[in-house]
Amino acid sequence: ISEVLNSDVKRRLLLEEEEKLIEDLNEGKLEEACWNNTLIKLQEVGDELLCIGADGAESKARQILTGLGFSKDMQDGKVSTLSGGWCVRVSLAY
């Protein structure tokens, strides 16, 4: 599942940016102007994540993989343990 989720580059980058912004806010080292700008940017990132439906990405990926014949154990496992045919199916889920 992680392979399919990570293939959504926009979602992955937004989540990474959100994590970094939250980290910056939690450190408490920002000046007031930077604090406000960081809050605004965090809101923008959150809005974009909401807009692209990032919160439903895992459920959607699991539905697709299930439709391609993957069991839950296969979905949660590493792609490197799958045969070539199953790897092709993973690429279809992208």
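Before going into details, it helps to say that this report is about the structure given with it.

Quick notes on the rules
- Residues numbered from 1 in each chain as written.
- Predicted model: local features only at pLDDT ≥ 70, side-chain atom pairs only at ≥ 80, totals over all residues.
- Heavy atoms only, no water.
- Helix = DSSP H or I, 4+ residues; strand = E, 2+ residues; numbered from the N terminus.
- Buried < 20%, exposed > 50% of the residue type's maximum accessible area, 1.4 Å probe, protein only.
- Contact = heavy atoms within 4.5 Å.
- Salt bridge = Lys/Arg side-chain N within 4 Å of Asp/Glu carboxyl O.

### A short note on the environment of Phe70
So, point 1. As for its placement among the helices and strands, Phe70 is situated in the loop between helix 4 (57-67) and helix 5 (72-76).
So, point 2. Take Phe70: its relative accessible area is 5%, and that puts it in the buried class.
So, point 3. As a C-alpha pair, Phe70 and Trp86 span 16 residues in sequence and 8.4 Å in three-dimensional space.
So, point 4. Non-local contacts of Phe70, meaning those with residues more than four positions away in its chain, are made with Leu65, Gln75, Leu82, Trp86, Arg89 and Val90.

### Some words on the pattern of salt bridges
So, point 1. Counting across every chain of the model gives seven salt bridges.
So, point 2. Glu16 serves as the salt-bridge partner of Arg12, at 3.8 Å between the closest nitrogen and oxygen. Within this pair, Arg12 and its partner Glu16 are both found in helix 2 (residues 9-27), separated by four residues, close to a single helical turn.
So, point 3. On the accessibility criterion, Glu16 (44% relative accessible area) is partly exposed.
So, point 4. Residues joined by salt bridges that share partners form a network here, namely Glu58, Arg62, Lys72 and Asp76.

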